[in-house]
Structures are given as structure tokens and as C-alpha cells.
Amino acid sequence: MTKVLELRQATKAFRGVPAIRNIDFDVEAGEVHALVGENGAGKSTLTKVLAGVYQLTSGEMLLDGAPVVVSSPSEAKRQGIAMVFQETNLVPSMTVAQNIYLGEEKMFNRLRRLYIQAQRFLLSLNFHVDPMALVSSLGAAKKQMVEIARAVHHEARLIIFDEPTATLTPEEKFHFFGLVRRLKARGVSIIFITHALEEVLALSDRITILRDGELVITGKTVDFDRERIVQSMVGRTLSHELYDLGKPRLRRPYGERVLSVQNLSMGSIVRNTSFSLYSGQVTGFFGLVGAGRTETMKIVSGVLKRDYFHGGSIEREGRAVQYETPRSAMMDGIVYITEDRKIEGFFETMSIAENIYMGRLARGFNPLSVISMAQAKGLAEAWTAKLGVRAIDANAKIIELSGGNQQKVVIAKAAVQEPRIIIFDEPTRGVDVGAIAEIHRFINEIADRGIAVVVISSYLPEILALSDRILVARQGRVVEELDASVATEERIMYAAVH
Amino acid sequence: MLSRNVRIAEYMKQANRRIKPTQEGIVFALAVILFVAFAICLHGFMTSGNIVALIRSVSILGMLGLGMGLVVIGRGIDLAMIATMVVAVSWAFSLAQAGMNFGCALLIGAGFVILVGCINGILVAVAEVPAIFTTLAVGLVVYGVGRAYFFKIDVQNVPDNAGAFSDIGVGHLFGVPMPIIAFAVLALIVWLLLRWTRFGRFVYAMGDNLPAARVTGIPVPQLIIAQYIVSGLIAYAAGLVMAASVASMSTRIYNSTMIYDVLLVVVLGGVSLSGGRGHVRSILVGTLLVGVLLDGMTIMNVTYTEQNLVKSIVLLLALVADSLINPRDEQTAQQQQGDI
């Protein structure tokens, strides 16, 4: 087999932090190559390097044995590399044929000829899509077909799929597999990223497993089974020191049941999920992309809009509740701390003190009550000390702080609302090591004080270090509940993949 | 050692922030320079009569600017202000002329203003129509309804049973004309509201980052409705002062460029259209510059059309300056689609 594409010692760093490190990777002609790893393992970075979205910091890329520099996605397209993203890049208001030939229109287009041409082309690929249909009227699988047809039309020799089956129904998945096999028969190489191990085992010729930005193993699919893949995905050594893993840890007992969720549903993202939360303990919530963890918790805390609520029931200490705004959830003692602090976390024009004080103000009713600067200052001093916010003083603008300190302020803003249930969504994303330790310490402290804490995290060591109880979600549903005493990275990951 | 260096670096950053000229400062400096230049070059500018006339002529604009400023800080815009003002005041006057008690008529006018504010707020907060289109259309509707059903002639005189009403337009207090006093009092009220009440802090928070305000538990829809009611009531107050000082209310004002002048006053002083930034101070400074400019041009006999041209160019410059100083990055754009 000839190698179409090869990476040698490829490293890509963002601001000095490597997302992928010294990777040797190759794709052969006409093979299906699966890329597997946890969230943040470097799969997306790797494929984006291939597709010209990012440039390598060091190392080289070879195309047909000759070194190339792919400087942009359009350059990659010219070289025959196409990437199909999860959300498609089609123009919804145009027909299938127009989308396939987008950018090649002549001054005067005869649509009829375009349609005939498109029909022939689609049939040659054995794709059953009507070229005259509007893209907006197609389902996810057909949209993907159009996207692939466009890639083949541009003479792509290598097509990269990012989570191609995440949004597909079982029937559509079946179509997609057939399609991949047909492309393979035409000599097109395929890289696909997925969390669905069955698909990996059924479809691919070779598997590459990444972990923490490094390549763990590449091998023929016939040499792998589920256990071996899962083991390679999680077997971690470095992180143990930072998170104090391996040391025996006192587990907190179950408190009273403060929240119970039954058969909660929202479209295809949250499917019939059920779980409970208990006071005085940390519940870790793990899942891979598409597990619907954030959405589930956003419904529980009223952050998602009410029209996304598609059924099920939530009980808060025995009362049936349905929060329509975050305010009503907050008043009932549930707060949600976002994973995206810049978009829905802090107020950038305000100081640390004003941000924290805003949390307290939001608990009140009377719009004309006079604010108290002394109270704001007192709150800010107490909470910046408690969380170890590093700044000159509480009047510093939050926008001037580091990510870790901003995160601490956002946490303080929620904590001053005196909640009984706190939901942390990726509490240490984009946060430096020192701040991670302080945030973890704070999470443990509030759980000891009897608050029910939920930590959503994509990072297994974090889940294992913090949780007393672990919920694992897969495809919009909580599928496994593990006690921290029996949980291992392998067991959690095994439940999370499908 | 390291932490000391960090501390010094952060201190420098803060110092820089203090020294960095703000839009407010620049506009204030411009107003002073212009004022001095006019005082030296223009005969008759520096007389006390002219100075009082200057402040008086812009005090209505300033009052409207305070209402608009409040909404803009909350990341909205109220283009229906002039229509609300014109129709509510005219309706109140025509009711009083028809024999109703003047106080009652004024209350009915205020009720109408609150209704319009509610409609604006509900459309923006619940139906999620962008504020600029909502208030533009509501303004048209309000004006149309007023002209069609509430009164027939386009100039309504102050009714005979108004009593001492005209005093708030032409009277003096300690030698200061009443419109100036009204402007000052309103500025004080709005300052207190924005700076020292929970409502004011919520408006800033909502303007800064709407999704974050929502997640924090601020009652965003109620707040949006309230802010349009407040801006409407301020417009109503400005309209009453205006009517009292010229003894009538002309509905033709709706067809003038007044709403753009109000926007000019707001944006010029540094109330950013991206929300959350700006103070009452900014609006006062903006009003001052516009006032000096208009007064100087009038003394120089610049025609009305040319004055409009100058104003529009200044507005354009202020908008460009705003978007340079407060750029919309990708994340601000995402916040923009705040769900309520």
C-alpha cells in the first residue's frame, strides 16, 4: 500500500501549550483510518492540521512522499484533502446541485444542465439524493451525502469526518457505512473521528489512539477489541500526581435526596434520562461529546429555554418543579456555573467586587432598593480570600485577570446566592494548574458543608479526584452510576463509549 | 520575586487605564475648545443671555438623551421616544381642551406612555424582535393611532384650564429658567437610579452581557419592559416641558430629525451601542458639545440644512469611534443572541 499522507514528529502548540506532541501518523491509499481518544486528546487538532486549518509548530507533513505546507483549507482542498464537519457547511436555501457546484458557476447558468450533470454524478456515487431538492429539506444523513459528493467532485483523495454518525439515526448510519465502503472502493482514503467503538471495529482498517496530545498506538483493526481500545484511551500516568489519585480518599456518605429527575427529554440531545442528586456529596457527571451532559443540567437549572423541555419530571425535595428561567431555579437554590465564562459567565465591564455583588443583588426583589458599596466590598474581600483570587484589589476589572482568576470570580458570584445545589460545568477548563487545585479544594469544602455539588467534566482524573459518586452519560442518557470506591478510568470509559 | 514583577506589571496596567483618554474626556475637551473658540471669534456668543439660551435649547434634547441613554446602556434602543412624547402630550392636551380636568388628562397621557413602553418591552423581551425594528415600528403605529383617533389638528395648544402649567416652561427659579432646572433634576434622578439602585445595576449587567445576566438570575424580561416604560415616561416629561415653554405641542416634530439628535447626544458622550458602558455624565457631556455646536452655528447663520449635515457627520464619527473603542468580537456577537 502506498502512503497518501504522512506526518512526522508533528507538534502543534497553542501559546506554548502543545495540543499534539511528536505525532507520527500516516494514511494509506483507500484505507479507512479511525481516530479515537477522549475529549481533548488532540483528535480535532490533528485533523485540522491535515485540513489546513492549523499549521504545524514543528515537524513535517508529506503528501505522496513529498513535503508540503498546507497553509489554508482551500489549499488543502486543492491538494485533495477535504474535511466534513459535524455541522455541515452547505447553503440551506440552495438546491443539492447548486451546492455541489458552488463556486464554479458561469455567468449564465442553465439550471437544467446543472441538474442533469448533478444527477449523473450522484448516481455514479450511488447516492440517492434528488439534485433539485433544497438542502434545508434534507435530513442529516443526506446532507452529509451532499457534503461528501462535493468533496468527491473536488477530487478529494482524503476525506476527514469529524463525528459523522453523532447526529444520525440507526438507519442513516447504515447508509453512511455503505457510503464509506463505496468511497473506499473508489480508492479514496478516509479518516474518521468517533466515540462509537462498534463503528470503529466494524468499519475501519486501522486505528490510531490519541491520549493527552500524544499518539498511544496505531495498529490494524483486527488486532483490537473493545477492551484494548478503552485501555489505550485512558491508561494515564502523568496526571496521577496532580490529582492525588491512588491515595485512598474518604468518601462522603449520601445525604438526603435533594433532586430527582425522571425520564427527562429534549429532542435528540437528552433522551429519557433519570438520576438523583444528594446533599453533602460531589456527583461527577462524565460523558463524551454528544452525551448531553450540559443540556441535561441546563434544563435542570432553568438555563435552557422552556420550549426545549420535551417531557419528563423534576422533583426538588419531593415537590414537582419546572424552572422556566435561571432565576426561578436560583430562587429555589439551584445554580449553574457555565463552561463558557466569557459568554455567559462574567460582566466584562465590571470589577471583581461588582461581579460578585451582582450575584447577591440578583437574589433580591425590590428594584428601587439602594445598593451598598460597603456590602459589595465586604463580600468581595471575603470571597476573593476564600477562593484565592489573585488581583491587586477587588476593584480590578475582571477582564484583566487570568482565566483561572476569572473562573474563581464566576464561582464566587454563584456561591454568594447561597444555593443548595451547585452545578459546575467544566470548572477547570482553560484554568492554570494552581487555580485547578484551589477550585477543587473549594468544591470539596462546599460539599463538606452539605451542599449537593455536580461536576460535569470531560477529564477523567478530575472526575475521579472529586466525585463521591459518578454518573456516566451516553447519547443523552445516564447509563451508569458508579460509586467512587469502585470506579476506575477504564470502567467509566467503558460505559461512556458505545 | 516573580509575584512582585507580576504585581508591578498589573499596577502599570492599571495606571495606563487611568491615564488613557476616555471618549467622554475627549468630547468634553472638544466642547471646551469649541466654546472658547466661539467665545473669542463670535460676537454675541459670550453674553449671559446667549449662554442661558444655549443650555435652555438643549435641555429638552438632554432630557430625551437621558431616557435613550438608559435604554442603550441596557443594550436596547428606543426609536419610539419622539412618537410617544408627541402623541401622549397632544392627546392629554386635546382631552383637557374637550373639558376634562387637566390633571386627569395628564394621567391618561402617562397611562398611554406606560402601555406603549409595555408593548415595546414585551415585543423585545418575549417575542425577541430586535429593539431597533420594534421601536421604529411601534413609533409609527403610535403616531398613526394618535393622528387618526386621538386628535385631528397637528398643533395642540396648552389648554386653558392648565393653570400654572406654563411655568415649567417659561418660569424661573432663582433666576434659572425652569427647563434647565427640569433637566438637572431629571439628570439627578437618572443618576441615582442607574448608580445606586438594584434596577440600575441590573441594567448595566444586562447591557454588558445578557446571557450572563440571565444565568445569574436577573429577571431579564421584566427588566427590559421596565426600561422601555422608564424611557417613555422620561420622553413624556421632556414633552411636557417642551410644550410648556412654547405653549403648544406640534406633532410635526415626529417628522423632524429629533430622534437622531437624541442618539447623537447619547453616542457622542460615550454611551456605547454595544451596551453596559456609559454614565449620566456621558450624556451631559454629549449634550454640552451638541449645544455649543448648534448655538455657534446659529450665530454664524449656518442654514438649517447645513446644520443637519454637520450633525449627521458628527453622529457618523461618534458611531465609528464607538465601534473602534468597543469592538464587537465573536463572543460579544454570540452574547447578542441572548435567550430570555
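Rules used throughout
- Residues numbered from 1 in each chain as written.
- Chains lettered and ligands numbered in written order.
- Predicted model: local features only at pLDDT ≥ 70, side-chain atom pairs only at ≥ 80, totals over all residues.
- Helix = DSSP H or I, 4+ residues; strand = E, 2+ residues; numbered from the N terminus.
- Rg over C-alpha atoms; globule rule 2.2 N^0.38 Å.
- Buried ≥ 20, exposed ≤ 12 C-beta atoms within 10 Å, placed from the backbone.
- Contact = placed C-beta atoms within 7 Å.
- Nonpolar A, V, L, I, M, F, W, Y, C, P; charged D, E, K, R; others polar.
- pLDDT = per-residue confidence, 0-100.
- Pairing = 2+ DSSP bridges.
- Axes fitted to C-alpha atoms, helices over the stretch in contact; angles between N-to-C directions.
- Core = buried A, V, L, I, M, F, W, Y, C linked by C-beta atoms within 7 Å.
- Domains from an automatic or database assignment.
- Expected span 1.5 Å × (residues − 1).
- Bend = angle between axes of the 7 residues up to and from the residue.

Per an unreviewed UniProt entry, chain A carries the name Sugar ABC transporter ATP-binding protein and comes from Acidisoma silvae.

Undergrad: Kindly report on the overall build of chain A, identifying the contributing residues and their values.
TA: Counting its secondary structure elements, chain A contains 18 helices and 20 strands. Expected size for 498 residues packed as a compact globule is a radius of gyration near 23 Å; at 25 Å, chain A falls within 12% of this value. In terms of principal-axis extent, the alpha carbons of chain A reach across some 70 × 50 × 45 Å. Residues counted as buried form 48% of the 498 residues belonging to chain A. Contacts in chain A between residues far apart in sequence, at least 24 positions, make up 70% of those at least 6 positions apart.

Undergrad: Lay out the overall build of chain B with the relevant residues and their values.
TA: A count of helices and strands for chain B gives 15 helices and four strands. Per-residue burial over chain B gives 47% buried out of 340 residues. Within chain B, counting contacts between residues at least 6 apart in sequence, those at least 24 apart form 79% of the total.

Undergrad: Break down the interface of chain B and chain A for me, citing the residues and quoting the values.
TA: Facing the 28 residues of chain B at the interface are 32 residues of chain A. Of all the secondary-structure elements, those providing two or more residues to the side of chain B that touches chain A are helix H1 (2-19), helix H9 (198-208), helix H10 (210-216) and helix H15 (330-336) of chain B. In terms of residue class, the side of chain B that touches chain A is built from 10 nonpolar, nine polar and nine charged.

Undergrad: Any details on the confidence of the model for chain B? Residues and values, ideally.
TA: Residue and element names in this part refer to chain B. The predicted model of chain B averages 85 in pLDDT, with 90% of residues at 70 or higher. For the stretch residues 336-340, pLDDT sits under 50, and the model shows nine contacts to residues farther than four places along the chain or on other chains. Overall fold confidence for the complex sits at a pTM of 0.79, while the interface term, ipTM, reaches 0.83.

Undergrad: Residues and numbers for the sheet that holds strand S14 (residues 313-316) of chain A, please.
TA: Residue and element names in this part refer to chain A. The four strands are arranged S12-S11-S14-S15 in an open sheet whose pairing can be described as antiparallel. Taken across any chain shown, the strands that pair with only one partner, and hence form the sheet edges, are strand S12 (270-278) and strand S15 (319-321). Taking the axes of each pair of neighbouring strands and ignoring which way they run, one obtains an average angle of 20° across the sheet. Here strand S11 (residues 257-266) runs beside S14; their pairing, made up of four bridges, is antiparallel. Its bridge partner lying in S14, Ser260 is registered against Glu315.

Undergrad: Please give an account of the nonpolar core that cites residues and values.
TA: Counting 259 residues, the largest nonpolar core has Ile159, Ile352, Ile356 and Ile492 of chain A together with Met63, Val89 and Ala238 of chain B as its most contacted members. No other element matches the 17 residues that helix H11 (residues 220-246) of chain B contributes to this core. Mapping this core onto the domain boundaries places at least three of its residues in each of domain 1 (3-235) and domain 2 (241-496) of chain A. Once residues lying within four places of it in the same chain are set aside, the contact partners of Ala238 of chain B are Ile60, Met63, Leu64 and Met85 of chain B.

Undergrad: Any details on the domain arrangement of chain A? Residues and values, ideally.
TA: All names here are of chain A. Split by domain assignment, chain A resolves into domain 1 (3-235) and domain 2 (241-496). If you average the C-alpha positions of domain 1 and of domain 2, the two centres end up 35 Å apart. Taken together, the contacts link 10 residues of domain 1 with 10 residues of domain 2. When grouped by side-chain class, the residues that make up the side of domain 1 that touches domain 2 number four nonpolar, four polar and two charged.

Undergrad: Please provide a residue-by-residue account of the sheet that holds strand S2 (residues 17-28) of chain A, values included.
TA: Residues and elements named next belong to chain A. With antiparallel pairing, the four strands of this open sheet are ordered in space as S2-S1-S4-S5. Where the open sheet ends on each side, the last strands, each with one partner, are S2 and strand S5 (66-68). This sheet shows a mean twist of 30° between the axes of neighbouring strands, independent of strand direction. Pairing of strand S1 (residues 3-14) with strand S4 (residues 58-63) involves five bridges; the strand directions are antiparallel. Considered in S4, the bridge of Arg8 is made with Glu60.

Undergrad: With reference to specific residues and values, describe helix H3 (residues 48-73) of chain B.
TA: All names here are of chain B. Between its first and last C-alpha, H3 extends 35 Å over 26 residues, near the 38 Å set by a 1.5 Å rise per residue. The largest bend along H3 measures about 40° and falls at Ser59. Trailing H3 by a residue or two, Arg75 shows a phi angle of about 60°, which is positive.

Undergrad: Tell me about the environment of Ile55 of chain B, and please be specific about residues and values.
TA: Here Ile55 of chain B is to be found in helix H3. Contact partners of Ile55 of chain B, with chain neighbours within four places excluded, come to Ile180 and Gly291 of chain B.

Undergrad: I'd like a rundown of the pairing of strand S16 (residues 334-337) of chain A, residues and numbers included.
TA: All names here are of chain A. Covered by surrounding structure in S16 are Ile334 and Tyr336 together with Val335 and Ile337, the residues of both alternating faces. Where S16 and strand S17 (residues 421-425) come together, four bridges link them in parallel fashion. Counted as the bridge partner of Ile337 is Phe424 from S17.

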